[in-house]
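Structural features, examined
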Amino acid sequence: MRHLNSLLDMIPADVESIFAVSQELKTRSARGDRPQVLSGRVLTQVFEKPSLRTRLSFDAAMMQLGGNSLFLTAQEAGIGGRESVKDVARVIGGYSDVIALRTFSQKLIDNFIEFSGVPIINGLSDERHPCQALTDLFTIREAFGDLKGQKIAFVGDGNNVANSLAIAAAICGIAMSVCAPVGYRLDDDFLKQLKKKYPDSQVTQTDDFKSALKDASIIYTDVWTSMGQEAEESQRRQVFGPFQVNAKLMKLAPKTARFMHCLPAKRGLEVTDEVIDGPQSLAFVQAENRMHLAKGLILWVLEKPIG
Ligand code: CP
Ligand code: NVA
């Protein structure tokens, strides 16, 4: 059975096939052609954290493909209170063809994989955000026409988004430089795992903006304080202050470079209005592409062709 838990579980051919299906469905959708391949199918989403894009993009993807979606907060589902995770996972699995989860701990997603009996999609955990990273590489390919030779400079916190983006970059054979303060970078164990699976991966870490940005085609940032880290917010604002992506920082990159952000953005902190609303920004293309990628991903986990 297929799941999307970590991108480390995928091979390049999986990513290629998800991109191809997502691209075909995006093109067809633009002309009003929406194949009803998921008629009668149910996606259930169970979230411990808030969401705009992930939740709605999965809802819209299911609806446009003729399927349906259900939503429960983890609290409503009784996780961690009313029933054991194992029992909740089994019950939801009985009603659903596929389940998407958004969690604090990675363990909860692992438990659903063990007990639900249906494909599971990781819709963000404290460690990972694989759906976002797949969408980002899809968006880069669309914007530049080709992934070959592209380089991402990720400026900010080495968080869940950076983690999955590093794997996606390695899968697609593109370089990524994480420009982050010491203590807020991708951790060594993760980098070892990545190198083990992709010995040629070109992921580096630095706090030197000039070297990170000089040959970058993408300048990517995310919030300095992720969901669940609110108690550290004031300290993080201080540490990351010099890492703001503003017009001056963008000038360190080639003129052809594009700006990316997974959203939600804290305008005036990690990014300024002039950058996120400016002509180099792909942030809202990424947001829309979450839905197109969700379609390709759901069909991939269900092993269902477009027909
Ligand atoms: N980028 C992203 O996952 O957005 P949401 O938190 O709104 O789902
Ligand atoms: N790093 C952010 C991403 C939100 C989509 C968080 O985890 O809150």
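Please refer to the structure placed before this passage.
Being a predicted model, the structure only gives us computed values, none of them experimental.

1. Observations concerning the overall build of the chain
- When you go through the chain residue by residue, the secondary structure sums to 13 helices and nine strands.
- Relative to its length of 307 residues, the chain is compact, with a C-alpha radius of gyration of 19 Å against a globular reference of 19 Å.
- Dimensions of the chain, computed from C-alpha atoms along their principal axes, come out at roughly 55 × 45 × 40 Å.
- Expressed as a percentage of its 307 residues, the buried residues of the chain come to 57%.
- Nonlocal contacts in the chain, meaning residues at least 24 apart in sequence, comprise 75% of its contacts between residues at least 6 apart.
- With the model as given, the accessible surface of the chain reaches about 13200 Å², and the carbon-plus-sulfur share is 51%.

2. Observations regarding the site of ligand 2
- Within the structure, ligand 2 sits among L124, H129, N159, N160, V161, D222, V223, S226, M227 and L263.
- Between N159 and ligand 2, the recorded distance is 3.3 Å, taken from a side-chain N or O atom to a nitrogen atom.
- Between ligand 2 and the protein, one listed contact pairs an oxygen atom with a side-chain N or O atom of N160 at 2.8 Å.
- The class makeup of the residues in the shell around ligand 2 is five nonpolar, four polar and one charged.

3. Re the sheet that holds strand β5 (residues 151-155)
- Judged by pairing direction, the sheet is parallel, and its five strands sit side by side in the order β7-β6-β5-β8-β9 without closing on themselves. Looking at strand neighbours, the two that pair on one side only are β7 (203-206) and β9 (258-261), the edges of this open sheet. Strand-to-strand twist across the sheet, computed as the mean angle between neighbouring axes with direction ignored, equals 20°.
- Note: strand β8 (residues 218-221) against β9, four bridges, orientation parallel. Within β9, the position partnered with I218 by the bridge is R258.
- Against the sheet, helix α7 (residues 160-172) touches β5, β6 (175-179), β7 and β8, its axis set at about 170° to β5.

4. Considering the pattern of salt bridges
- This structure, assessed with the given rule, holds 13 salt bridges.
- Residue D126 pairs with K49 through a salt bridge whose shortest N-O separation is 2.6 Å. Taken together, the positions of D126 in the loop between β4 (120-122) and α6 (130-144) and K49 in the loop between β1 (42-47) and α2 (53-64) put the pair 77 residues apart, joining distant regions of the chain.
- Taking relative accessible area as the criterion, D126 reaches 43% and is therefore assigned partly exposed.
- As a salt-bridge pair, K151 and D215 come within 2.8 Å of each other at their nearest N and O atoms.

5. Concerning the site of ligand 1
- Around ligand 1, the surrounding shell consists of S51, L52, R53, T54, R102, H129, Q132, C262, L263 and R290.
- Backbone polar atom of L52 to an oxygen atom of ligand 1: 2.7 Å apart, as the coordinates give it.
- In this structure, an oxygen atom belonging to ligand 1 sits 3.1 Å away from a side-chain N or O atom of R290.
- Contact with the protein chains removes 96% of the 250 Å² of surface that ligand 1 exposes when unbound.

6. Focus on the packing of aromatic side chains
- One pass over the full model with this rule turns up seven aromatic pairs.
- With 5.5 Å between their ring centres and 75° between their planes, F47 and F71 make a pair best called edge-to-face. Here the residue F47 occupies a position in strand β1, and F71 occupies one in strand β2 (residues 68-73), the gap between them amounting to 24 residues.
- Residue F71 is classed as partly exposed on the basis of its relative accessible area, which comes to 26%.
- Ring centres 6.0 Å apart and planes at 15° place the aromatic pair W224 and F240 in the stacked group. On the criterion of sequence distance, the pair formed by W224 in the loop between β8 and α10 (233-240) and F240 in helix α10 is long-range, its members being 16 residues apart. Assigned by exposure class, W224 and F240 land together as buried.
- Put simply, the rings of Y184, F209, W224, F240 and F243 pair up and form one aromatic cluster.

7. Concerning the packing of α2 against helix α13 (residues 283-301)
- In contact at an axis separation of 8 Å, α2 and α13 are set at 55° when each is read in the N-to-C sense. The orientation of α2 relative to α13 falls into the category oblique. For the pair α2 and α13, the crossing hand works out as right-handed. Contacts between α2 and α13 pair R53, T54, S57, F58, A60, A61, M62 and Q64 from the former with A287, R290, M291, A294, K295, L297 and I298 from the latter.
- The class makeup of the residues in the contact of α2 with α13 is nine nonpolar, three polar and three charged.

8. Observations regarding the side chain of T272
- Considering the arrangement of structural elements, one finds T272 in the loop between β9 and α12 (273-276).
- Polar side-chain contacts of T272 include one of 3.2 Å to the side chain of E274.
- When neighbours within four sequence positions are excluded, T272 is seen to be in contact with Q244, V245, N246 and A247.

Scoring rules and cut-offs
Note on numbering: residues in each chain are counted from 1, in written sequence order. Numbering of ligands from 1 and lettering of chains from A proceed in the order in which they are written. A pLDDT threshold of at least 70 governs which residues receive local features in this predicted model, and a stricter bar of 80 or more applies before side-chain atom pairs are shown or counted, although totals over entire chains, interfaces and linings include all residues. Computation of side-chain values covers all heavy atoms of the structure but excludes hydrogens and water. By definition, any uninterrupted DSSP run of H or I lasting at least four residues is a helix, any uninterrupted run of E lasting at least two residues is a strand, and each is numbered from the N terminus. Here the globule rule is a power law, 2.2 Å times the number of residues to the power 0.38, and the radius of gyration is based on C-alpha atoms. Between buried and exposed lies partly exposed: a residue is buried under 20% and exposed over 50% of the maximum accessible area for its type, with that area taken using a 1.4 Å probe on protein chains only. Should any heavy atoms of two residues lie within 4.5 Å, those residues are counted as being in contact. Per-residue and other accessible areas were derived by the Shrake-Rupley procedure at a 1.4 Å probe size, with only the shown protein chains allowed to occlude residues. One heavy atom within 4 Å of a molecule or strand makes the whole residue count as near it. Residues adjacent in sequence count toward polar contacts only when both atoms are side-chain atoms; beyond that, a polar contact is any pair of N or O atoms within 3.5 Å, and within protein one must be able to donate a hydrogen and the other to accept it. Each residue is assigned to one class: nonpolar for Ala, Val, Leu, Ile, Met, Phe, Trp, Tyr, Cys and Pro, charged for Asp, Glu, Lys and Arg, and polar for all the others, Gly among them. Strands are labelled as partners when DSSP assigns at least two bridges between them. Between the N-to-C directions of two axes lies an angle of 0 to 180 degrees, each axis being a line fitted to C-alpha atoms and, for a helix, fitted only over the stretch in contact. What counts as a salt bridge is simple: a side-chain nitrogen of Lys or Arg found within 4 Å of a carboxyl oxygen of Asp or Glu. Two rings from Phe, Tyr or Trp (for Trp, the six-membered ring) form a pair when their centres sit within 6.5 Å of each other. Planes less than 30 degrees apart are called stacked, planes more than 60 degrees apart edge-to-face, and all others tilted. Angle categories are assigned with fixed cut-offs, so that under 35 degrees is roughly parallel, over 145 is roughly antiparallel, 65 to 115 is roughly perpendicular, and the rest are oblique. Left-handed is the label given to a crossing in which the near helix is rotated counterclockwise from the far helix by less than a right angle, and right-handed is the label when the rotation is clockwise.

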